[in-house]
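Observations on chain architecture
If you want the building blocks of each chain, they are given just below.
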Amino acid sequence: MQTRHIGEAQVGQIGLGAMPMSIEGRPDERRSITTIHAALDVGVTLIDTADAYHVGADEVGHNELLIAKALATYPGDTSATLVATKGGHLRPGDGSWTVDGSPAHIKRACEASLKRLGVEAIGLYQFHRPDPTVPYAESIGALSDLLAEGKIRMAGISNANLQQIRQAHELLDGRLASVQNQFSPAFRSSEPELRLCSELGIAFLPWSPLGGIARANDLGTTFTAFQRVARQHDVSPQQVCLAWMLAKSPMVVPIPGASRPQTIRDSAAAVDLVLTHEVIADLDAAGAAA
């Protein structure tokens with residue numbers, strides 16, 4: 001697979017969003033591990049997770065443990081695999097999502113993630129979501145401390161606006177490696193953040209790039225321009241969507257969610273789909289108008 005850079009790391013142009021393997025409606029462990037192995041087989045080297053990807057309050061880190069097991073049982077070389085995890089989001093177990101951006105919590109969460117992943121340093125650690133009760137600078141300060149302590153190799157942020165990206169970039173002395181925001185044909189409001197990341201040389205990781213778990217299958221129906229291009233190339237509209245994103249900037253590394261081997265194989269094939277400037281412009285317009 002062709003590669004791109006996230007900070008100092010070189011990764012496949014398409015990553016794997018592992019969240020669907022651990023939240024509500026998740027498959028059994030065997031299928032999930034088979035899916036992760038399939039991703040590795042086709043050259044995916046970025047796997048995105050978080051300590052909050054679980055269901056019950058007693059299973060924090062379910063997704064991280066799953067990924068660690070999948071990597072440990074993979075028969076091939078996993079030394080180039082970048083596992084990106086996140087801290088600062090919580091799931092009390094009642095279906096809700098809460099936040100805790102305090103430096104103390106972020107540092108505790110990182111320590112716990114280190115143990116679950118079984119590594120000496122986390123490749124990419126991301127502040128999951130801003131906490132309105134904690135000054136953003138304090139949350140980012142925790143990332144800076146973790147970098148200095150060698151517990152994480154790279155720092156990233158998620159669900160951030162333009163001001164927060166600039167602030168994190170400055171507070172981390174230019175070491176902000178990635179920004180993970182929602183972005184898809186249905187969710188275009190992160191376009192300014194994508195452009196800023198391109199200007200600053202920061203990787204932009206679109207989450208739910210196909211519209212989310214409930215809407216991904218209907219992408220071609222909802223956005224007919226993507227279906228039309230898909231038919232012309234004899235590929236899926238989801239592949240067209242990911243190829244469109246890759247064409248937007250060399251800093252974009254989509255992380256489509258998957259819980260079946262065939263899904264991540266299809267997503268990974270998007271790196272080989274070349275779209276013309278005219279087609280890209282048409283898809284830009286189609287997404288904006290929808």
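Our subject is the structure listed above.
Described in the following lines is the structure provided in the data block. Only a predicted model underlies this, so the values are computations on that prediction, with no experimental measurement involved.

Before going further, it helps to examine the overall build of the protein. Summing up its helical and strand segments, the protein has 11 helices and 11 strands in all. Scaling as 2.2 N^0.38, a compact globule of 290 residues should have a C-alpha radius of gyration of about 19 Å, and the protein matches this with 18 Å. Projected onto its principal axes, the C-alpha coordinates of the protein cover approximately 50 × 40 × 35 Å. Contacts spanning at least 24 positions in sequence make up 73% of the contacts within the protein whose residues lie at least 6 apart. Total accessible area on the protein is roughly 12,300 Å²; 50% of this is exposed by carbon and sulfur atoms. If you average the places of the 24 positive and of the 31 negative side-chain charges in the protein, the two averages end up 3 Å apart.

Its place among the elements puts serine 113 in helix α3 (residues 103-117). Of the residues examined, serine 113 reaches a relative accessible area of 0% and is grouped as buried. When residues no more than four places from it in sequence are discounted, the contact partners of serine 113 are Asp51, Glu64, Thr85, Ile122 and Tyr125.

Before going further, it helps to spend a moment on the packing of helix α1 (residues 29-41) against helix α2 (residues 62-73). Closest axis-to-axis distance for the α1/α2 pair is 9 Å, and the angle between their directions is 60 degrees. With respect to their mutual orientation, α1 and α2 come out oblique. For the pair α1 and α2, the sense of crossing is right-handed. The residues of α2 that touch α1, namely those facing Glu29, Ser32, Ile33, Ile36, His37 and Leu40, are Leu66, Ile67, Lys69, Ala70, Leu71 and Thr73. The residue makeup of the contact of α1 with α2, split by class, is 7 nonpolar, 3 polar and 2 charged.

What follows concerns the sheet that holds strand β4 (residues 46-48). Strand order in this open sheet of 7 strands is β3-β4-β5-β8-β9-β10-β11, and the pairing throughout is parallel. Among the strands making up the open sheet, the edge pair consists of β3 (16-17) and β11 (203-207). One ladder, built from 4 bridges, connects strand β5 (residues 82-87) with strand β8 (residues 124-127); its direction is parallel. Following the sheet pairing, lysine 86 is matched in β8 by glutamine 126. Packing against the sheet, helix α6 (residues 191-200) makes contact with β10 (176-182) and β11, and its axis sits at approximately 155 degrees to β11.

The next subject is the packing of aromatic side chains. Applying the stated criterion to the full structure yields 5 aromatic pairs. With 6.3 Å between their ring centres and 80 degrees between their planes, phenylalanine 223 and phenylalanine 226 make a pair best called edge-to-face. As far as burial versus exposure is concerned, phenylalanine 223 and phenylalanine 226 are alike and both buried. Ring geometry for phenylalanine 226 versus tryptophan 244: centroids 5.4 Å apart, planes at 80 degrees, classification edge-to-face. Within this pair, whereas phenylalanine 226 is found in helix α8 (residues 224-233), its partner tryptophan 244 is found in helix α9 (residues 237-248), the two being separated by 18 residues in sequence. Accessibility assignment for this pair places phenylalanine 226 and tryptophan 244 in one class, buried. Among the aromatic residues, those joined into a cluster by ring pairs are Phe183, Phe204, Phe223, Phe226 and Trp244.

Glancing now at the pattern of salt bridges. Following the criterion strictly, the structure yields 11 salt bridges and no others. Between glutamate 59 and arginine 26 there is a salt bridge, with the nearest N and O atoms lying 2.9 Å from each other. Here arginine 26 lies in the loop between β3 and α1 and glutamate 59 lies in the loop between β4 and α2, a separation of 33 residues in the sequence. According to the relative accessible area criterion, arginine 26 is partly exposed, its value standing at 30%. Of the charged contacts, one joins lysine 248 and aspartate 284 as a salt bridge, the two residues approaching to 2.9 Å between their closest N and O atoms.

Calculation notes
Residues numbered from 1 in each chain as written. Predicted model: local features only at pLDDT ≥ 70, side-chain atom pairs only at ≥ 80, totals over all residues. Heavy atoms only, no water. Helix = DSSP H or I, 4+ residues; strand = E, 2+ residues; numbered from the N terminus. Rg over C-alpha atoms; globule rule 2.2 N^0.38 Å. Contact = heavy atoms within 4.5 Å. Areas by Shrake-Rupley, 256 points an atom, 1.4 Å probe, with all protein chains shown as cover. Lys, Arg positive; Asp, Glu negative; His and termini not counted. Charge placed at Lys NZ, Arg CZ, Asp CG, Glu CD. Buried < 20%, exposed > 50% of the residue type's maximum accessible area, 1.4 Å probe, protein only. Axes fitted to C-alpha atoms, helices over the stretch in contact; angles between N-to-C directions. Parallel < 35°, antiparallel > 145°, perpendicular 65-115°, else oblique. Left-handed = near helix turned anticlockwise from the far one by under 90°. Nonpolar A, V, L, I, M, F, W, Y, C, P; charged D, E, K, R; others polar. Pairing = 2+ DSSP bridges. Phe/Tyr/Trp six-rings, centres within 6.5 Å; stacked < 30°, edge-to-face > 60°. Salt bridge = Lys/Arg side-chain N within 4 Å of Asp/Glu carboxyl O.

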